[in-house]
Amino acid sequence: MQKTTIGILGAGAWAMALANLATDNGHEVRIWSRGGKVSLSAVLQNADIILSAISMTGVSEIVSQIEFLPLSAKTIFVTATKGLDPQTTCTPSQIWQGAFPDHPVVVLSGPNLSAEIRQSLPAATVVASKNQKAAQLVQQVFSSSCFRVYTNPDPIGVELGGTLKNIMAIAAGVCDGLHLGTNAKAALVTRGLTEMVRIGQNWGAKRETFYGLSGLGDLLATCNSPLSRNYQVGYQMAGGKTLVEVLANLPGTAEGVNTCQVLIKRAQEHSIAIPITEQVYALLQGEVTPRQALEELMLRDIKPEYNC
């Protein structure tokens, strides 16, 4: 395919993994980070694709800076950030699309532990957009023999799958940290997926998206890997550490902590039942112990599995 110029925002593990994939495919990649020496305008000049892999807390600020830069009318925005904005409860793609309504926005999300991708271990991801051609271009840019990329027309569903599973990963870490066994873990992850679907449908996402790579796939990867920062939050808290202690020694950002707080706010506004998220929130706030959070879930009123 034709050589593409890509400006990548962020220089963390995930950003660098994506940068390497595009570079190996022969594309020109420029990287911007807050501590870097290259200016934002230089990195984004004549960029065909602007890919954001920064943490959620920095998205709104960087969007406001880019709004003042001259961009090509054909520039595609790709967001690989997983989280929710604390002020608006918007997803990253909603923020990007709101600021650049005339540009295609593509969501990239999947069961993608960056450490494994850097080792060229087999992986797959999803690129989702309302603009099919934009999604297909991004698909070609990042696809490789070790990294299979699928397209999807449901960006909000793909984005929420990657965002909401971080909360469930915290709960899964607690489950493993308390040594509760395989049965408990299976029940937790399954009910976690049900909760994710319920939230997603309220947001306008398609139910089936959550049973794909960016939903169930990412959920399984994150809830079962010690490489997951969110899993580590739950696992270490189950071992007796406080949230402050865990985060102080955690490399990178555990987006599930912020996402949990924002989701509680949205669920209250829209009357969404989120029992697992509520207990994770109570745990993170120091209101309950890990074992008390589990007991609260087990003692909920019995009910049918579906239509609840």
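Each chain has its residues counted from 1, following the order in which its sequence is written. Confidence filtering applies because this is a predicted model: local features only for residues at pLDDT of at least 70, side-chain atom pairs given and counted only at 80 or more, and all residues used for totals across whole chains, interfaces and linings. Note that water and hydrogens are dropped before the side-chain values are worked out from all heavy atoms of the structure.

### So, the pairing of strand E4 (residues 76–79)
Logical step 1: Along E4, one buried face is formed by Ile76 and Val78 and the opposite face, lined by Phe77 and Thr79, is buried too.
Logical step 2: For strand E3 (residues 49–52) and E4, the ladder comprises four bridges, and the chain directions are parallel. By the bridge assignment, serine 52 is partnered in E4 with threonine 79.
Logical step 3: For crossovers, right-handed means that the path from the first strand over the helix to the second runs clockwise, given strands pointing away from the viewer. Strands here are runs of E lasting at least two residues and helices are runs of H or I lasting at least four, both read from the DSSP assignment and numbered beginning at the N terminus. The handedness of the E3 to E4 crossover, carried by helix H3 (residues 59–66), is right-handed.
Logical step 4: Where E4 lies against strand E5 (residues 105–109), three bridges are found, and the strand directions are parallel. Categorising residues by exposure relies on relative accessible area from a 1.4 Å probe, with only protein chains included: less than 20% of the type maximum marks a residue as buried, more than 50% marks it as exposed, and the intermediate range marks it as partly exposed. Following DSSP output, two strands are said to pair if at least two bridges run between them.

### Remarks on the pairing of strand E2 (residues 28–32)
Logical step 1: Relative to E2, strand E1 (residues 5–9) is paired through five bridges, and the arrangement is parallel. Looking at E2, one finds that isoleucine 6 is bridged to valine 29.
Logical step 2: A crossover connection joins E1 to the parallel E2 through helix H1 (residues 13–24); in handedness this β-α-β unit is right-handed.

### Some words on empty space enclosed by the protein
Logical step 1: For each structure, a 1 Å grid was placed over the protein atoms alone; sets of points admitting a 1.4 Å probe that cannot get out are labelled cavities, open sets with protein on both sides within 12 Å along at least five of seven lines are labelled pockets, and lining residues have an atom within 4 Å of a point. Grid points are joined across faces, edges and corners, and a volume is the space filled by probe spheres set on the points. Evaluated as defined, the whole model comprises one cavity of 30 Å³ or more.
Logical step 2: Of the pockets and cavities examined, the largest cavity occupies roughly 40 Å³.
Logical step 3: As for the largest cavity, its lining consists of Thr79, Ala80, Thr81, Lys82, Val107, Leu108, Ser109, Glu159, Gly162 and Thr163.
Logical step 4: Listing elements by their share of the lining of the largest cavity, those giving two or more residues are E5 and helix H7 (155–177).

### A short note on the sheet that holds E1
Logical step 1: Taken in spatial order, the seven strands of this open sheet run E2-E1-E3-E4-E5-E6-E7, and their pairing is mixed. The strands lining the two open edges of the sheet, one partner per strand, are E2 and strand E7 (147–152). Taking the axes of each pair of neighbouring strands and ignoring which way they run, one obtains an average angle of 25 degrees across the sheet.
Logical step 2: Packing against the sheet, H7 makes contact with E4, E5, strand E6 (123–128) and E7, and its axis sits at approximately 35 degrees to E5. Note on method: axes are straight lines fitted to C-alpha atoms, helices fitted across the in-contact stretch only, with angles between N-to-C directions ranging 0 to 180 degrees. By definition, residues are in contact when any of their heavy atoms lie within 4.5 Å.

### Observations concerning the packing of helix H8 (residues 182–203) against helix H13 (residues 275–284)
Any two packed helices are characterised by the angle at which their axes cross and by the distance between the axes.
Logical step 1: Running from N to C, H8 and H13 cross one another at 105 degrees; their axes reach a closest spacing of 8 Å. Viewed along their axes, H8 and H13 adopt a mutual orientation that is roughly perpendicular. Residues Leu188, Arg191, Gly192, Glu195 and Arg198 of H8 pack against Pro275, Ile276 and Thr277 of H13.
Logical step 2: Classifying every residue of the contact of H8 with H13 gives three nonpolar, two polar and three charged. Small angles under 35 degrees read as roughly parallel and large ones over 145 as roughly antiparallel, with 65 to 115 read as roughly perpendicular and the rest as oblique. All amino acids are sorted into three groups, where Ala, Val, Leu, Ile, Met, Phe, Trp, Tyr, Cys and Pro are nonpolar, Asp, Glu, Lys and Arg are charged, and the leftover types, Gly among them, are polar.

### Re the side chain of glutamate 195
Logical step 1: Looking at the element boundaries, glutamate 195 is found in helix H8.
Logical step 2: We count Lys and Arg on the positive side and Asp and Glu on the negative side, and we leave His and both chain ends out. Salt bridge criterion: a side-chain nitrogen from Lys or Arg within 4 Å of a carboxyl oxygen from Asp or Glu. For the buried glutamate 195, no salt bridge is present, and the opposite-charge side chain at shortest range is arginine 198, 4.7 Å distant.
Logical step 3: With residues near it in sequence (within four places) discarded, glutamate 195 still touches Met168, Ala273, Ile274, Pro275, Ile276 and Thr277.

### Quick notes on the pattern of salt bridges
Logical step 1: Enumeration according to the criterion identifies five salt bridges in this entry.
Logical step 2: Taking the shortest distance from any N to any O, the salt bridge between lysine 82 and aspartate 218 comes out at 2.9 Å. With lysine 82 in the loop between E4 and helix H4 (92–99) and aspartate 218 in helix H9 (residues 213–223), this pair connects stretches of sequence that are 136 residues apart. By the burial criterion, lysine 82 is buried, and aspartate 218 matches it.
Logical step 3: Taking the shortest distance from any N to any O, the salt bridge between aspartate 176 and lysine 185 comes out at 2.9 Å.
Logical step 4: Overall, the relative accessible area of 10% leaves lysine 185 in the buried class.
Logical step 5: If you follow the salt bridges from partner to partner, you end up with Lys82, Lys165 and Asp218 in one network.

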